[in-house]
Amino acid sequence: MSVSKKLAFHFIRQLLVLLVIIIIALVSALLYFAFHLTESEMKASFTRAEADILELGIDVKSEDAIQISETIKTAVLQNDGWLQLINNDGFVVKEVNAPSDLKGRYTFQEFVDFNVPGYRTSYWRIFKGDSDLIVLYGEKHQSEGVLVELQKLGELTAITGKSRTFLEEQGAWIQVYGSNGEKVEQWNAPEELTLTAKDLLSIKERPWNYRYDISTLQEGDKVFIVGMENAYYAPDEELDGLVGASLAKSFLLVIVALLVIIIALSIWYGRTFGVPLLYMMNWIKRMSKGDLSVPRNKKGEIPFRKQNGKLHKRFRIFSDILFSIRKLANTLEKNDRYQKHVDQTREEWITGLSHDLKTPLSSIYGYAKILETGSYKWTEEEIQAMGGTMTEKASYMSDLIEDLNLTYRLKNNALPIEKSIQDIVPLIKELIKSLNSTESTILMENAEQEMHVAVDSKWFTRILTNLLANAQKHNPKGTEITLSVSRDPDHTFITIKDNGVGMDEEVQSKLFDRYYRGGSTTDKSNGTGLGMAIAHQLVLAHGGNVFVESETEKGTTITITLPNGLEEHTS
């Protein structure tokens, strides 16, 4: 998988994880907000509780094993109320803070309308598993108790000293309204307080939203209203404040959670992606300054590898890039070593070539000076000898320059190769005949067999000349050199084998390098260093190849492979 695909897959996975985390955070915040809001409502006025919240706070394994959460119990006690759980048969199966005067079982008629004297009641129906329960909640209806006592005193219509004393003791007041809603009489009530029929309906529907706890009694054409401070006063405005505070708290919680997640992810991304990227950038920067070594940390360790050689987890996604950088560093290092070797070899070659040119040039110059002076009458034989020497030296220099020109033409693919199908056996025989000498003899095997191959005869002869001359030059007198030719349907094989001094691995690896001047320690003239390189390049230009097998003191075998056809070759 490519680095781009790895990164895309990795980022998609991380973004999905981040999305899930954000969703979980938002849902958690909303649940916290809902729970906190409901808890605040229950604590302010238990009658505002929702049936769903009560179902969450009540665990029913069986009617004999019912657990009520501490949140519900605290809200009931905080409102000085009581709570009963009633089954389908009217029996109370669980209760919280229930007064002793409450019933343990309710009849069908009472079940229809839970009207408990002295208490303001609310009820909910909840389902828990197989159980269908009624939650009955009650709070003391204090003003109703005062109204009942006034009725017992028989002084409801005439507020005497005894009634006033009782009202003062209870911190209550009374108002009397006519049939048209006009205020007829009041005692101990606020002077500006006047209640309308709509006010009374609103108070009955939402008693917690009014500062007075009120009870009414109608007798004849008069309505008696007894009121006192509402112990359960929790107006909607205060609840709205609680809701706003809870919402702000939840929102702040979400913001803090997201900030923590973002900071954590930033640190994580910095360590996961930043550290590897900075390391690779530093590596490339060092390479640009010529330092090709692998950067290490303060402990001298390679940061992207463990002790067991495996990549660290944070570097695995960049494994391809690390491999490429490492490969580039190795290639640059190898090229640098090669370039230094080439520079050194070229300098040595130029020095040798200069010497090779200077020596024959000195001979030519010396003979020319002698002939120029005219101080001595040279014989015809002496002049011919000097001329022959000068011709030989000039020819040597010409061949040297030609080799130099040829190797550069081959390097730049500027040498035309005109191949044609021809029998190479006569060419080889003629060449061997010209190269044989008293010091070394070249033998040809399979001499009578015809071998038709697609070659350029001029350059093919040059190839064999260079290879055979090299075998003669770098081996001692009496070395056996054999040349054989064989073929298969596609290729022709020319093998040159000797039993001479052989070559070690280093010489074999450099045999076809330009400027390399090999030879034995006893050889005083190592040549131009271009002959074997030219032979190799000419074989390649013919679409073939050269293989060398050699071992020190056991001789050398050089095999040339050439295609049989006339296919074009591009080097």
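Values in this document were obtained by computation on a predicted structure and should not be read as measured data.

Thresholds, definitions, all that
Residues numbered from 1 in each chain as written. Predicted model: local features only at pLDDT ≥ 70, side-chain atom pairs only at ≥ 80, totals over all residues. Heavy atoms only, no water. Axes fitted to C-alpha atoms, helices over the stretch in contact; angles between N-to-C directions. Helix = DSSP H or I, 4+ residues; strand = E, 2+ residues; numbered from the N terminus. Parallel < 35°, antiparallel > 145°, perpendicular 65-115°, else oblique. Left-handed = near helix turned anticlockwise from the far one by under 90°. Contact = heavy atoms within 4.5 Å. Nonpolar A, V, L, I, M, F, W, Y, C, P; charged D, E, K, R; others polar. Phe/Tyr/Trp six-rings, centres within 6.5 Å; stacked < 30°, edge-to-face > 60°. Buried < 20%, exposed > 50% of the residue type's maximum accessible area, 1.4 Å probe, protein only. Lys NZ or Arg CZ within 6 Å of the ring centre and 35° of its normal.

*Asks:* Can you break down the packing of helix 5 (residues 142-153) against helix 6 (residues 161-170) residue by residue, with the values?
*Replies:* Running from N to C, helix 5 and helix 6 point in directions that differ by 160°, and their axes come no closer than 11 Å. By the angle class used here, helix 5 and helix 6 are roughly antiparallel. The two elements helix 5 and helix 6 cross, and the hand of that crossing is right-handed. Residue-level inspection shows Val-146, Glu-149, Leu-150 and Leu-153 of helix 5 in contact with helix 6, the latter providing Lys-162, Ser-163, Phe-166, Leu-167 and Gln-170. The residue inventory of the contact of helix 5 with helix 6, partitioned by class, reads five nonpolar, two polar and two charged.

*Asks:* Can you explain the packing of aromatic side chains? Please cite residues and give values.
*Replies:* With the rule as written, the count across this model stands at eight aromatic pairs. Measuring from ring centre to ring centre gives 5.6 Å for Trp-82 and Tyr-119, while their planes differ by 90°; the resulting arrangement is edge-to-face. Linking Trp-82 in strand 3 (residues 81-86) with Tyr-119 in strand 5 (residues 119-128), this pair joins segments that are 37 residues apart in sequence. Note on accessibility: Trp-82 and Tyr-119 belong to one class, buried. Judged by centre distance (5.7 Å) and plane angle (65°), the ring pair of Tyr-279 and Phe-304 falls under edge-to-face. Taken together, the positions of Tyr-279 in helix 8 (residues 236-288) and Phe-304 in the loop between helix 8 and helix 9 (313-316) put the pair 25 residues apart, joining distant regions of the chain. The class for Tyr-279 is buried, based on a relative accessible area of 10%. Taking the relative accessible area as the measure of exposure, Phe-304 reaches 2% and is therefore buried. Between Arg-105 and the ring centre of Phe-91, over which it is positioned, the NZ or CZ distance is 4.7 Å.

*Asks:* Residue-level account of the side chain of Asn-230, with values.
*Replies:* Examined against the element boundaries, Asn-230 turns out to sit in the loop between strand 10 (222-229) and helix 8. Discounting residues that sit within four places of it in the chain, Asn-230 has contacts with Pro-207, Trp-208, Tyr-210, Arg-211, Tyr-212 and Asp-213.

*Asks:* I'd love a proper account of the side chain of Asn-466, names of residues and values included.
*Replies:* Secondary-structure assignment places Asn-466 in helix 13 (residues 457-473). Take Asn-466: its relative accessible area is 14%, and that puts it in the buried class. Beyond its immediate stretch of four places on either side in the chain, Asn-466 contacts Gly-531, Met-532, Ile-534 and Ala-535.

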